[in-house]
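# Overview (structure and organization)
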Amino acid sequence: MENSKRKMDSNVPTKVCQYGSDCYRVNPLHFNEYSHPHIESLLSKVASINQVVVPEQTKINKSVFEEQIRIVAKQFPHLADGAKHPAKQTKLDTVVTRPEPTSSKQTSSEPKPSPAPPAESKNAIESLFAERRAKMQAAKREAPNPVPVLEPTTEATSSAGSSAATADTGVSLQKSLPRDINAYFPVVAPRGRMAQKLAAAEPYNFFLTTITDSKPTHSEPLSVTFQELLDSSLGQLESSVQMNFMVDIGWLLAHYYFAGYENVPLLILYGDETPELRMVSKKKPNVTAVKVDIKTPFGVHHTKMGLYGYRDGSMRIVISTANLYEDDWHNRTQGLWISPRLPAVPEDADTAFGESVTDFRSNLLAYLDAYKLPQLQSWMARIRRTDFSDVKVCLVASVPGEHVDTLKKPQNHWGHPQLGYLLEKYAAPIDDSCPLVAQSSSIGIFGPTPESWIFGEIMANFGKSSAPVGTRRMPAFCMIYPSYSNVEQSHDALLGGGCLPYERDMHSKQEWLKAYLHQWCSRSRNRNKAMPHIKTYCRWSHRGLYWFLLTSANLSKSAWGVYNKAGRFEKPLRINSYEAGVLFLPKLLLDEDFFPMEADKKHPQFPMPYDVPIIPYAPEDTPFFIDYLRKEDEEELD
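Residues numbered from 1 in each chain as written. Predicted model: local features only at pLDDT ≥ 70, side-chain atom pairs only at ≥ 80, totals over all residues. Heavy atoms only, no water.

## As for the state of the cysteines
One covalent bond between the sulfur atoms of two cysteine residues makes up a disulfide. Under the counting rule described, the total for this entry stands at zero disulfides. No disulfide involves Cys 538; its sulfur sits 9.9 Å from the nearest other cysteine sulfur, which is in Cys 478. (Disulfide = S-S within 2.5 Å.)

Here it is in structure tokens:
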């Protein structure tokens, strides 16, 4: 019956997708080329799309399956009988295909393009990463002896027939889970050694994530896995907070399970909505997941921070560049700063006791207060009672909104004015010949000329130091962003560019940028083939490194801010996204003017994530565009 109907409908492709119900695609081109009988059959039995009942057990992520149904219904509306009865049809984009509404918006990688004006289209990129996520989940299912995600914590979850992961949450209800972590994660570090590794990393405490396909990184002293952040040597975890853009809850809770913390209270603040995150607290009462809503139209909750509270009253802060899902901890270069263990202050101590020389505690409290979330109040109280005096880095953060007095009130600095304030206060006078070297995984819309924003606004703060104002000149600008050839030779070939969402159309509006672009090269850190999702900014000369910033903030107006030039009086700084990073300054960490960039008898070498000197693009080079992945997708259909 289905085959005869497909033959009668000449608009429906005759070639059947070879993957059948395992197909994970959400690219409309694919559905225009190949038939999917299992979807067409569902549509042919209903009067309108919102009557479709999605099977409880689907072979792919349920929300991805729903998106596939929407695509087929839009491309071939005649499949549903409702096409013959227009009065019965409903608007496709308001369709709900199951009782609990779900978002059809799935992204499996951080990289939406940097939030920017409406001209920056996100839909195609979101679709691409939805496919990557579904493919990753399909690969897990096909692996021999798949390991369930987590065990139940309440009697309600132990009913018969609940042994498989539920389609709408992705959270396993199995009663038992083998504690063989090696069967679940590709790189596993020895247990009980993280505290020793952290002590050896002083004074910088700056790490890169391990790279699955680069074995030397598995044993490097300055490489870490997420599991090591939960290592018992760092403290016995009492509760924690994970703040991020994208969270794969099954992957995250598996880490907590293997660390022995499956029932420890966990608060998750996230930016990218998924059905699994919305429903996790029903399956895991100890987990609270809160979506961070942003009023500005192009903002995202992009911060990547962990707060870890220990049973002895101490705590630890981790600021990183990695989303909390498998791909970001697989073959991508990511950075983390891990704080020392921060003890509780004595009960009779003054309220000012235990503040960092960098005001890290008060700046962190101001940042957390900006969320206006009751779930953070107990953590803010705990931070007030914690000794941050061992923290020698500065917090550089962004919060959405229009901010005034950013230059007059240092405690309210956000975005690039905060960086400028700190550089002016602590950075040694910098040789004007030293360029600013920016490196990020996404590129925003800067404007038609370098002066539009880079030199016209942001460099005014990025170029600051303690040198007298009248003696400073605007530094040169360099940007590290992977070229096509960089990505092509990566561990994952062109798919390695999945975290690099720069679009060809965006670049066509600012082609001047190519003159400033430099290759990704990290042979010294065994990451030349691990594409960078890390974001860094710094300045150096032959004398050494003047300062270094590790942050979640890509080089974009949404992340760093842009002054609203329409203001009649003070020009407010407009920021769209939440971001957080740490600034390393030699004066504060070493009481020197420079970090050594080579072996030094007096101080450890600063662990740069890429090779210096940096290599400019050759004339024939082009930046990697996300369009290359879309093109590869289309070619697979030929």
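## Some remarks on unusual backbone geometry
Following Glu 202, the chain continues into Pro 203 via a peptide bond in cis, with omega recorded as 5°. The omega torsion across Val 612 and Pro 613 is 10°, close enough to zero to call that bond cis. For Asp 359, which is not glycine, the phi torsion reads 60° and is therefore positive. Relative to the helices and strands, Asp 359 resides in the loop between strand S9 (335–338) and helix H10 (360–369). The exposure class of Asp 359 is partly exposed, given its relative accessible area of 33%. Positive phi, normally seen in glycine, also occurs at Ala 493, with a value near 55°. As for its placement among the helices and strands, Ala 493 is situated in the loop between helix H14 (484–488) and helix H15 (504–508). According to the relative accessible area criterion, Ala 493 is partly exposed, its value standing at 37%. (Helix = DSSP H or I, 4+ residues; strand = E, 2+ residues; numbered from the N terminus. Buried < 20%, exposed > 50% of the residue type's maximum accessible area, 1.4 Å probe, protein only.)

## With respect to the nonpolar core
Grouped together as the largest cluster of nonpolar side chains are 110 residues, with contacts concentrated most on Tyr 367, Trp 547, Leu 555, Trp 560 and Phe 584. In this structure Trp 547 touches Leu 419, Leu 423, Ala 427, Ile 430, Leu 436, Phe 462, Tyr 537, Cys 538, Arg 539, Leu 583, Phe 584 and Leu 585, once residues within four positions along its chain are discounted. Within the second largest apolar cluster, 39 residues are counted, among which are Tyr 184, Phe 185, Tyr 257 and Val 287. (Core = buried A, V, L, I, M, F, W, Y, C linked by side-chain atoms within 4.5 Å. Contact = heavy atoms within 4.5 Å.)

## Some points on the pattern of salt bridges
Applying the stated rule across the entire model yields ten salt bridges. The partner of Arg 527 in a salt bridge is Glu 220, with the nearest N and O atoms 3.0 Å apart. Of this pair, Arg 527 sits in the loop between strand S14 (517–518) and strand S15 (531–532) while Glu 220 is found in the loop between strand S1 (206–209) and strand S2 (223–224), placing the two residues 307 residues apart along the sequence. Taking the relative accessible area as the measure of exposure, Arg 527 reaches 0% and is therefore buried. We note a salt bridge from Lys 291 to Asp 293, for which the minimum N-O separation is 3.9 Å. (Salt bridge = Lys/Arg side-chain N within 4 Å of Asp/Glu carboxyl O.)

## Topic: the sheet that holds strand S12 (residues 436–439)
Reading across from one edge, S10-S20-S17-S16-S12-S13-S14 is the order of the seven strands in this open sheet, with mixed pairing throughout. The sheet is open, and its two borders are formed by strand S10 (394–398) and S14, each paired with just one other strand. Pairing of strand S16 (residues 536–541) with strand S17 (residues 544–551) involves six bridges; the strand directions are antiparallel. Within S17, the residue paired with Tyr 537 across the bridge is Leu 549. Most of the contacts of H10 go to S10, to which it runs at about 15°, and overall it touches S10 and strand S20 (579–584). Where helix H13 (residues 454–462) meets the sheet, it contacts S12, strand S13 (477–480), S16 and S17, and its direction lies at approximately 90° from that of S13. (Pairing = 2+ DSSP bridges. Axes fitted to C-alpha atoms, helices over the stretch in contact; angles between N-to-C directions.)

## A short note on the sheet that holds strand S11 (residues 401–403)
Taken in spatial order, the three strands of this open sheet run S11-S19-S18, and their pairing is antiparallel. The open sheet has two free edges, formed respectively by S11 and strand S18 (562–563), since each of these has just one partner strand.

## A few points about helix H12 (residues 415–426)
For H12, spanning twelve residues, the distance from its first C-alpha to its last is 17 Å, which sits close to the expected 16 Å at 1.5 Å a residue. The buried fraction of H12 is high, at nine of twelve residues. By the burial criterion, the buried members of H12 are Gly 415, His 416, Pro 417, Gln 418, Leu 419, Gly 420, Leu 422, Leu 423 and Tyr 426. (Expected span 1.5 Å × (residues − 1).)

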